[in-house]
Amino acid sequence: LRGSRLRHLDPRSQSLLSNLQRRGFATRVEHTTAINTSDESRERVIILGSGWGGYTLSRCLDPKQFSPLVISPRSYFVFTPLLTDAASGSLDFSNLVEPVRDPRAKVDFFQARARGLDLKKKTVLCEATVVQSGVTQTPRTEDNEGHPANLAKWEQGELFEVPYDKLVIAVGTVARTFNTPGVRDNALFFKDIGDAKRVKRRIRELFELAVLPTTTPEMKKWLLHFAIVGAGPTGTELAASLRDFIHKDLMRVYPALRDIPKISLYDVAPNVLSMFDKTLSQYAMDTMKSEGIDIKTSHHIKSLRWGPPGAPPPYHMDPKGCLTLETAEEGEVGVGMCVWVTGNAQNKFVKDTLSKIGPLPTGFEGDGAPDQPQAPEKSSWEFKKAKNGALLVDGHLRVQLKDETGRRLCLGDNAVLETGSPPATAQATHQMAKWLGKRLNKRDLGQTAPFKFRDLGTMAYIGEEKALMQIPHNGDGKKRLKYLPEGLRGRLASWIWDGAYITMSISWRNKLRVAFRWTLNRMFGRDVSRF
Ligand code: FAD
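Attention here is on the structure that accompanies the text. All values derive from a computational prediction rather than experimental measurement.

What follows covers unusual backbone geometry. Cis geometry is found at the peptide bond from Pro313 to Pro314, where omega equals 5 degrees. One can find Pro314 in the loop between β14 (301–306) and β15 (323–327). One non-glycine residue, Asn179, lies in the positive phi region at around 55 degrees. One can find Asn179 in the loop between β10 (173–175) and α5 (183–186). Owing to 7 C-beta atoms within 10 Å, Asn179 belongs among the exposed residues under this scheme. A positive phi angle is found at Glu464, which is not glycine, with a value near 55 degrees. Mapped onto the secondary structure, Glu464 falls in the loop between β24 (458–463) and β25 (466–470).

Another point: the site of the ligand. Around the ligand lies a shell of 34 residues, among which Gly49, Gly51, Gly172, Gly412 and Thr425 are the nearest. If you list the elements that add at least two residues to the shell around the ligand, you get α3 (52–60), β3 (66–72), β6 (108–118), α8 (233–253) and α11 (426–442). Class assignment of the residues belonging to the shell around the ligand gives a composition of 14 nonpolar, 16 polar and four charged. Both domains that meet at the shell around the ligand, namely domain 1 (3–175 + 344–442) and domain 2 (177–342), each give it at least three residues.

With that settled, the discussion passes to the pairing of strand β7 (residues 123–128). Strand residues, when the strand is regular, have side chains that alternate between the two faces of the sheet. Burial runs high along β7: five of the six residues are buried. Relative to β7, β6 runs antiparallel, the two sharing six bridges. In the strand pairing of β7, Asp118 is matched with Thr123. Hairpin connection of β6 to β7: four residues between the antiparallel strands, including Lys122 at a positive phi of 60 degrees. Bridging between β7 and strand β8 (residues 159–163) involves five bridges; their strand directions are antiparallel. Residue pairing in the sheet places Val124 in a bridge with Val162 of β8.

In this fold, Tyr76 is placed in strand β4 (residues 76–78). Residue Tyr76 is classed as buried on the basis of its 20 C-beta neighbours within 10 Å. The sequence separation of Tyr76 and Gln427 amounts to 351 residues, and the corresponding C-alpha distance is 19 Å.

Right, let's talk about the sheet that holds strand β26 (residues 487–490) for a bit. A sheet is described by the order of its strands in space; here three strands give the open sequence β24-β25-β26, paired in antiparallel fashion. Where the open sheet ends on each side, the last strands, each with one partner, are β24 and β26. Strand-to-strand twist across the sheet, computed as the mean angle between neighbouring axes with direction ignored, equals 10 degrees. Packing against the sheet, helix α12 (residues 491–504) makes contact with β24, β25 and β26, and its axis sits at approximately 80 degrees to β25.

This brings us to helix α6 (residues 193–211). Taking 1.5 Å of rise per residue, the 19 residues of α6 would be expected to cover 27 Å, and the 28 Å separating its terminal C-alpha atoms lies within 8% of that figure. Contacts made by the buried residues of α6 are with β4, α4 (83–87), β5 (97–99), α7 (217–223), α8 and β17 (337–340).

The three strands lie next to each other as β14-β15-β16, forming an open sheet whose pairing is antiparallel. Strands at the two margins of the open sheet, each flanked by one partner only, are β14 and β16 (331–335). Going across the sheet, the axis of each strand differs from the next one's by a mean of 20 degrees, ignoring polarity. When β14 meets β15, the two strands line up antiparallel, connected through five bridges. Residue pairing in the sheet places Arg305 in a bridge with Thr324 of β15.

Here α12 spans 20 Å end to end across 14 residues, near enough to the 20 Å set by a 1.5 Å rise per residue. In the core, the buried residues of α12 are packed alongside β24, β25 and β26.

What follows is about the packing of α3 against α11. One way to put it is that α3 packs onto α11 with a least axis distance of 8 Å and a crossing angle of 30 degrees. The pairing of α3 with α11 is recorded here as roughly parallel in orientation. You can see that α3 and α11 cross each other, and the crossing is right-handed. Two secondary-structure elements touch here, α3 through Trp52, Gly53, Thr56, Leu57 and Cys60 and α11 through Ala426, Thr429, His430, Met432, Ala433, Lys434, Leu436 and Gly437. Partitioning the contact of α3 with α11 into residue classes produces seven nonpolar, five polar and one charged.

Time to look at the nonpolar core. Of all hydrophobic cores here, the largest spans 126 residues; its most connected members are Ile71, Val168, Cys338 and Val339. When residues of this core are assigned to domains, at least three map to each of domain 1 (3–175 + 344–442) and domain 2 (177–342).

Scoring rules and cut-offs
Residues numbered from 1 in each chain as written. Predicted model: local features only at pLDDT ≥ 70, side-chain atom pairs only at ≥ 80, totals over all residues. Helix = DSSP H or I, 4+ residues; strand = E, 2+ residues; numbered from the N terminus. Buried ≥ 20, exposed ≤ 12 C-beta atoms within 10 Å, placed from the backbone. Near = placed C-beta within 6 Å. Nonpolar A, V, L, I, M, F, W, Y, C, P; charged D, E, K, R; others polar. Domains from an automatic or database assignment. Pairing = 2+ DSSP bridges. Axes fitted to C-alpha atoms, helices over the stretch in contact; angles between N-to-C directions. Contact = placed C-beta atoms within 7 Å. Expected span 1.5 Å × (residues − 1). Parallel < 35°, antiparallel > 145°, perpendicular 65-115°, else oblique. Left-handed = near helix turned anticlockwise from the far one by under 90°. Core = buried A, V, L, I, M, F, W, Y, C linked by C-beta atoms within 7 Å.

Structural data, given as structure tokens:
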């Protein structure tokens with residue numbers, strides 16, 4: 001790609017391209033004439049991301065007015081609230097995914113990652129990810145351009161540009177590690193199907209390792225110590241589901257390992273589930289302690305490395321061995337796996353690419369060929385960001401640019417509303433996507449009242465068929481439903497939890513499959529296979 005075509009790209013995309021070209025990864029940018037743009041009566045809406053925001057919006061847009069195109073590295077939507085159930089053998093992974101491509105939905109799809117943006121030309125630079133992402137999982141390390149590290153050359157996809165009339169950014173977030181030494185390389189994360197599959201596989205692997213005649217009693221203890229860092233809803237539910245899986249199902253398969261497995265739930269905060277009322281949070285802690293889960297609140301993780309506690313460096317990765325988790329309070333402890341679920345950080349696209357898209361540089365050399373020097377352009381765009389690095393949007397979900405407002409919209413975990421942001425949850429993102437779809441269909445975005453989050457309550461599973469349910473309050477602190485208690489807990493809340501997630505599963509196929517699978521589990525136990 002040379003000269004004039006290259007000049008159309010913003011400087012970040014240009015430097016990304018030239019770096020990729022230098023390393024032999026990408027040789028040219030294809031211009032997407034292959035996209036069906038024949039129907040000019042419909043606006044082309046490019047939706048980045050196939051999660052709660054992107055997938056939901058793509059299903060809400062009126063096909064007579066809009067021609068939605070979803071661009072995402074994964075070709076499916078994941079029903080994240082049930083990911084812990086899949087990791088602990090209660091559900092099949094296929095029970096929680098919906099394909100983006102569906103003959104009934106008039107939605108186009110490219111399996112690609114957004115890499116750059118040209119606001120002037122109104123195009124998105126994309127890199128195909130069809131080969132590299134069989135099942136997406138959180139990459140351990142990324143290179144400077146945000147590629148998962150160590151991709152083979154054949155795994156690199158082509159680059160292409162896609163034009164848009166409207167752009168919706170819903171690329172979600174990545175796991176936040178607070179730069180804790182060793183975590184990015186050695187912990188497991190829990191964001192996508194690939195992550196949950198790794199967790200399930202590692203659990204089974206650890207039991208098989210522990211039962212080998214060559215494993216010492218001390219190593220058995222370390223291998224079967226499961227650490228979960230982050231006592232929010234995801235970490236707490238994962239600890240509870242893991243505990244059920246181990247005690248109700250795996251212990252029947254490995255009677256020789258009885259009394260050895262241990263689950264520890266770490267957090268720097270003094271409570272688990274701190275977004276719940278104090279009484280509910282205390283109930284969760286008491287219940288989980290009585291189930292045998294070690295609640296390690298007010299603990300600060302210092303590092304995570306391969307090798308048993310006390311072993312001298314160098315520390316080599318050895319999946320047959322254990323890891324050492326170091327906390328300020330306890331020192332070093334041996335663990336078989338550590339799942340890191342301490343919240344969200346912005347991904348590379350939002351953090352770096354969508355920063356300042358400024359004037360074009362002069363004399364840029366694209367693929368090594370000398371280029372004509374260019375006069376720098378005067379205009380520049382700067383995306384306004386919130387404190388956490390997310391894109392700042394107004395109450396109508398329009399991205400705020402410092403010098404220009406326009407046709408870019410943003411929703412979900414990568415957005416913060418200037419008017420007061422709802423929590424980064426599927427519930428809020430789903431509501432945003434539905435609201436935005438309605439406004440776009442009615443063509444009155446910006447002319448009606450801004451988006452308002454309606455809190456429908458918060459739930460968390462805490463093990464032994466018990467759950468918590470926080471009843472929503474009105475803004476003035478009064479309960480919305482006068483006769484309901486502050487919250488529900490125990491078995492009743494767990495039945496509501498089951499019912500709610502069956503109802504909320506997207507397709508009828510998955511609603512029925514989830515209900516059927518949970519019934520089968522009661523009769524025959526969970527799936528203990530390892531693959
Ligand atoms: P996501 O759903 O994460 O989707 C982001 C999409 O963008 C993905 O398809 C990703 O592949 C794609 N993408 C990433 N980078 C790019 C790029 N450069 N270009 C194009 N596409 C890209 N919330 C609740 O309300 N209740 C719950 O019970 C609950 N449980 C959860 C359990 C787990 C295990 C997790 C991880 C989250 C849970 N959440 C829950 C939170 C909820 O899932 C998120 O708030 C929600 O997914 C946010 O939606 P999103 O569309 O912003 O991002």
